Structures are given as structure tokens and as C-alpha cells.
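Secondary and tertiary structure notes
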Amino acid sequence: MSEENITRIHLDDKEYILIGTAHVSKSSAEQVKEVIEAEAPDAVCVELDQQRYKSVTEGSKWRDMDIFQVIKEKKATLLLMNLAISSFQKRMAKQFGIEAGQEMIQGIESAKETDAALVLADRDIQITFSRIWGNLGFKGKAMLLMQVIGSIFSKETISEEELEKLKSKDMLDSMLEEFTEHFPRLKKPLIDERDQYLSQKIKDAPGEKIVAVLGAAHVPGITKEIHKEQSLKQLNERPPKSKVPKIIAWSIPILIISIIAYTFFNNPSAGWQQTVSWILWNGSLSAVGTAIALGHPLTILTAFLAAPISSLNPLIAAGWFAGIVQAFIRKPHVGDFEELSEDVHSVKGFWHNKVTRILLIVVFANIGSSIGTFIGGADVIRVFLENL
């Protein structure tokens, strides 16, 4: 049996066998099967949480998703990010004619075949996303969103040789490496914390011989962290929400309204100029974002009308109104949810599928409105200074 991509650790009378895999590699899945059959471990740990386990074993039950609930709970951006990231992985998998995450599926099947205990060793993906989002400021969030949306347009293909190189111990997974390169603060919640979480779950697995099926990026970290005690409770905490963004979010509209009101009092004509400028910049750019996402004409009009008002109230957003109107006019059918996993393979699919189009409308309308707020706000201040 080849020992390539395998790390063996002996600790407290237990043996841990870590298999570093590439998530879209055919030979990774074959190696997982070979190692588990040869070692007959007491437990098999897989780099999945409950949500992703259900997804790989039952398929993503998109038909159960309530698109209105997603918009109301402000989860449209995170869901779109999730779909964009999975589309990158699925494109790679499609290129090599295999299922993404085949090595995890193989780990689950081999655990059953050898009567080994199955341990879902990864942290809940929602907590990881929450801690990632909490680590980024407004600029970081905007840049990350652009990066993820850019990955939808990526036509990147790699050779199987390059794919296999991703499994070598001294290289991080290319996608994680790309994200952490642009956003260094992402490394802690995305890789370091999960290394700690995974290492503790692997250490707590029952039996004396444990096989762990992991993405190669995590093997070096787990090899180091497994020798320490980790607090799963601490790693599962959602970050406390900073008051600064809320203060800024309310300060901007209060400032804009105060400036316009003061200008109206001193020079009504300049006040009207500011009001028109605010409405046109906010409404037009939000409408342009909605149009780019191929929203219905009524949806585009909704974005135009909602943006100037929603920009003055941090509790609401133009994209939510536009998304809900689009969902009413072009309500997704069961077929759209069923085709979601296939449609996210391509740019055309993202825009064609009614579900992802609604998500794109929510995000693009909000981005347009945010840009409009800065430009419109700057113009309001300019007119105010000219009329002092």
C-alpha cells in the first residue's frame, strides 16, 4: 500500500492515520478505499459537518428551500457565495468525470463496509461562514463577494497532474490559498480554527486506530494541533457583533438627512438639487445592478424606487424588495430547485435558473445601492459646501 499522502501519528496508545486528499481527485477516492480496507480502523473521521453529510448522502434538497425566507433572513449573499464556491469544485469534478467530494463518500461507504464508527469531524459550515464574515470589514466583505462572483465567470481548467500536486503535504489547497492570499484574516476561521476543531474531533474518536479523510490543506495543521487540547465550545461560538458597523450605518443617513434639511432651510432650490441627486444616484445604480442580474422590468423599477429610501434605513435593503418582487413575478418551480446543482456549473446557468437569478438580483441591487449611497452622499455634501 502506497504511503504517499498518508501521515501516521502515534499518541496515547492510539494510532491516527491521516489521508490528505484533493476534493475532486479520482485517485484520492481510490486511496481512501484501499487504506480503510487494509487498516480496518475502529473509526473513520470525514471532513464533513451534519449539513454537508446530508448533502452528499441524500443530495441537496433544494426543493425544500423557501426563497422568500432566504431573503427575509438576509441569507441571500451567503447562499450565493456557497453556490459559487461549490460551482468551482463541481467544474473541476466535471472536468475529470467524477463527483465532487467522492473521497468523502468513499470514506462513509468504507466505514460502513468495515463496521467502523463514522465521525463527522468538521465544524458546522454556518458557524465557519459566520466567523469568516465577522472577521471582515465592509471593504473586505465587498472584495470577497467580488472574488466569489468572479469565480462564477472563471473558465479555469487544470491538468490531473496539477490536481495531484495539490495533495502534497507542503501545498495548500489552491482555492483556499487564493482566498487567504487576498484576505489574510480568512486563514484563521477558514483553516487554522478548523484544523483545531478537526484535530480534537479526530482525537476524541472511539477506538485505538483512527483513519481521517481530510483535504490536504488541513493535514499539516492537524499534525501540529492534535498534540494540544482544543476547546470545541470556544471554536463553536459565533463572533459577537461589533457595534461600529451599526453606528456607521445609522450615522450616514442621519448626516445626509440633516445636511439636506439644513440646505432646504437656507436654500430650497439647492435642497431640491440634493434630493434629486440622492434619488437618481441611489435608484439608478441599484436599478442597473438589477438589470445586470436580468431582473424583470417591474423588479428593476422596484430597485429604483426602494434604493433611495432603504439607503436611509439600515434595517432594510433595496435588494430584498427587488428579490421579493422578482420571486413573485418569476416564481421558481420545483424544476428550478432540482436543476440548481447542475445550473451552478456555468455562468449561463447562474443567470438562467430562477433561484440563482433572484439571489443575484438581491446582491447586485444592494451593491448598486451601496455605490449610489457613496456617490449620492458625496454630491449632497458638495452642494451643501457650495451653498455654505
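Residues numbered from 1 in each chain as written. Predicted model: local features only at pLDDT ≥ 70, side-chain atom pairs only at ≥ 80, totals over all residues. Heavy atoms only, no water.

The number of helices and strands found in the protein chain is 20 helices and five strands. Taken over 388 residues, the protein chain has a buried fraction of 48%. Considering only contacts in the protein chain between residues 6 or more positions apart, those separated by 24 or more positions represent 79%. As displayed, the protein chain offers around 19100 Å² of accessible surface, 59% of which is attributable to carbon and sulfur atoms. (Helix = DSSP H or I, 4+ residues; strand = E, 2+ residues; numbered from the N terminus. Buried < 20%, exposed > 50% of the residue type's maximum accessible area, 1.4 Å probe, protein only. Contact = heavy atoms within 4.5 Å. Areas by Shrake-Rupley, 256 points an atom, 1.4 Å probe, with all protein chains shown as cover.)

This part takes up the side chain of Lys203. Structurally, the position occupied by Lys203 is in helix 10 (residues 187–203). Separated by 2.7 Å, the side chain of Lys203 and the backbone oxygen of Lys228 make a polar contact. Apart from the residues lying within four places of it in its own chain, the contact partners of Lys203 are Leu11, Lys14, Tyr16, Ile226, His227, Lys228 and Glu229. (Polar contact = N/O pair within 3.5 Å; in protein donor to acceptor, adjacent residues only side chain to side chain.)

With that settled, consider the UniProt feature "transmembrane region" (unreviewed entry) in the protein chain. Residues annotated by UniProt as "transmembrane region" (unreviewed entry) correspond here to residues 247–265 and 358–385. In residues 247–265, helix accounts for 100% and strand for 0%; the two terminal C-alpha atoms are 27 Å from one another. (UniProt positions renumbered as here; feature names shortened; annotations may be inferred.)

Take the packing of helix 16 (residues 318–329) against helix 20 (residues 354–386) next. Orientation of helix 16 relative to helix 20, taken along the N-to-C sense of each, is 150 degrees, at an axis distance of 7 Å. Judged on the interaxial angle alone, helix 20 and helix 16 are roughly antiparallel. Helix 20 is crossed by helix 16, and the crossing has right-handed handedness. Contact residues: helix 16 offers Ala318, Gly319, Trp320, Ala322, Gly323, Gln326 and Ala327, while helix 20 offers Arg357, Ile358, Ile361, Val362, Ala365, Asn366 and Ser369. Looking at the contact of helix 16 with helix 20 residue by residue, the class counts come to eight nonpolar, five polar and one charged. (Axes fitted to C-alpha atoms, helices over the stretch in contact; angles between N-to-C directions. Parallel < 35°, antiparallel > 145°, perpendicular 65-115°, else oblique. Left-handed = near helix turned anticlockwise from the far one by under 90°. Nonpolar A, V, L, I, M, F, W, Y, C, P; charged D, E, K, R; others polar.)

Here the focus is the pattern of salt bridges. A complete count under the given rule lists 13 salt bridges for this structure. The salt bridge partner of Lys33 is Glu37, with a shortest N-O separation of 2.8 Å. Taken as a pair, Lys33 and Glu37 lie in helix 1 (residues 26–39) at a separation of four residues, close to a single helical turn. Take Glu37: its relative accessible area is 45%, and that puts it in the partly exposed class. In this structure, Arg382 engages Asp379 in a salt bridge whose closest nitrogen and oxygen atoms are separated by 2.8 Å. (Salt bridge = Lys/Arg side-chain N within 4 Å of Asp/Glu carboxyl O.)

What follows concerns the pairing of strand 1 (residues 6–11). Where strand 1 and strand 2 (residues 14–21) come together, six bridges link them in antiparallel fashion. Its bridge partner lying in strand 2, His10 is registered against Glu15. In this antiparallel pair of consecutive strands, strand 1 and strand 2, the connection spans two residues, and Asp12 shows a positive phi of 50 degrees. (Pairing = 2+ DSSP bridges.)

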